[in-house]
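# Geometric and topological summary
Below are the chains, spelled out letter by letter.
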Amino acid sequence: MGRKSIISLLAAAAFAASAFAAPSGLDAAIDTWLDDDYSQMHIIERHAEAGDAAALGVLGQACYYGLGCKPDRARGLQLLQQAAEGGDLPSALQLARIYEHGSSGTQANAALAATWYVRAAEAGDTISAPTALKRLPPETVIAAGGHAWLEDALPPATPVAAAPVQPPAPAE
């Protein structure tokens, strides 16, 4: 094997190793944030700016509740929605809870709650979202596309009593 081949092989190995390297600190920064230590917010913000859905979700909650940054409910909701739309399941659930119960100046909105619970259920949540969908008005859940999660929650259909059939009048 020639020198160029060995260098190419080593470069390829180094590139492959970097692809499997430890995360760039986001996981550790989120763990730190969850421990109420906000010293790593700059790392979360950097990843959020790059579009990382998990970072967007954490930053959204931080902004919404004022945990590690100045409270900004509108920005928090916007970031949570962006994270949820990017596939972050915890953000979809958090949005749904905020809209189901209302929180920190955000009005309760059953239609938005149902929409986000349906999205969370479709994304694979098998406990929280399906349970919550059963608490919401069935017509709201159906309008949000969540009829599949209502099958067990709907009461059995009540048979409608047919009007008694009157015998025909005798022919004269």
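This section reports on the structure supplied with the text. Keep in mind the model is a prediction, meaning the values are calculated, not measured.

Analysis parameters
Residues numbered from 1 in each chain as written. Predicted model: local features only at pLDDT ≥ 70, side-chain atom pairs only at ≥ 80, totals over all residues. Heavy atoms only, no water. Disulfide = S-S within 2.5 Å. Helix = DSSP H or I, 4+ residues; strand = E, 2+ residues; numbered from the N terminus. Phe/Tyr/Trp six-rings, centres within 6.5 Å; stacked < 30°, edge-to-face > 60°. Buried < 20%, exposed > 50% of the residue type's maximum accessible area, 1.4 Å probe, protein only. Lys NZ or Arg CZ within 6 Å of the ring centre and 35° of its normal. Contact = heavy atoms within 4.5 Å. Polar contact = N/O pair within 3.5 Å; in protein donor to acceptor, adjacent residues only side chain to side chain. Salt bridge = Lys/Arg side-chain N within 4 Å of Asp/Glu carboxyl O. Expected span 1.5 Å × (residues − 1). Axes fitted to C-alpha atoms, helices over the stretch in contact; angles between N-to-C directions. Parallel < 35°, antiparallel > 145°, perpendicular 65-115°, else oblique. Left-handed = near helix turned anticlockwise from the far one by under 90°. Nonpolar A, V, L, I, M, F, W, Y, C, P; charged D, E, K, R; others polar.

### Overview of the state of the cysteines
- What the rule picks out here adds up to 0 disulfides.
- There is no disulfide at Cys69, and the cysteine sulfur nearest it, in Cys63, is 3.6 Å away.

### Overview of unusual backbone geometry
- In this structure, Asp36 is a non-glycine residue whose phi angle is positive, near 65°.
- Relative to the elements of secondary structure, Asp36 occurs in the loop between α2 (26–34) and α3 (41–49).

### Some thoughts on the packing of aromatic side chains
- Under the definition given, this model contains 1 aromatic pair.
- Aromatic side chains Tyr64 and Tyr65 sit 4.8 Å apart centroid to centroid with 80° between the ring planes, which places their arrangement in the edge-to-face category.
- Residue class for Tyr64 comes out buried when judged on its relative accessible area of 0%.
- A cation over an aromatic ring shows up here: Arg73 above the ring of Tyr64, its NZ or CZ 5.8 Å from the ring centre.

### Details of the environment of Gln40
- Its location among the elements puts Gln40 in the loop between α2 and α3.
- Taking relative accessible area as the criterion, Gln40 reaches 25% and is therefore assigned partly exposed.
- Spatially, the C-alpha atoms of Gln40 and Ala29 are 5.2 Å apart, while their sequence positions differ by 11 residues.
- Gln40 has contacts with Ala29 and Thr32, leaving out every residue within four places of it along the chain.
- Here Ser39 takes part through its side chain, which lies 3.4 Å from a polar atom of the side chain of Gln40.

### Considerations on the pattern of salt bridges
- One pass over the full model with this rule turns up 1 salt bridge.
- Between Arg135 and Glu100 there is a salt bridge, with its nearest N and O atoms 2.8 Å apart. Pair noted here: Arg135 is in helix α8 (residues 128–135) and Glu100 is in helix α6 (residues 89–101), with a separation of 35 residues, a long-range link.
- Residue Glu100 is classed as buried on the basis of its relative accessible area, which comes to 16%.

### A short note on helix α4 (residues 53–65)
- A rise of 1.5 Å per residue sets the reference length of α4, with its 13 residues, at 18 Å; its end C-alpha atoms lie 18 Å apart and thus fit the reference within 8%.
- A large share of α4 lies buried, amounting to 10 of its 13 residues.
- The set of residues buried in α4 consists of Ala53, Ala55, Leu56, Gly57, Val58, Leu59, Gly60, Ala62, Cys63 and Tyr64.
- Of the surrounding elements, those touching the buried residues of α4 are α2, α3, α5 (73–85) and α6.
- By the N-cap criterion, in which a side-chain oxygen at the helix start approaches the backbone nitrogen of a residue two or three places on, α4 is capped by Asp52, the distance to Ala54 being 3.0 Å.

### Some points on the packing of α2 against α3
- Two elements in contact, α2 and α3, have axes separated by 8 Å at closest approach and are oriented at 125°. Taken as axis vectors, α2 and α3 run oblique relative to one another. Our pair here, α2 against α3, has a crossing hand that is left-handed. Contacts between α2 and α3 involve Leu26, Ala29, Ile30 and Trp33 on the former and, on the latter, Met41, Ile43, Ile44 and His47.
- Residues belonging to the contact of α2 with α3 are distributed by class as follows: 7 nonpolar, 1 polar and no charged.

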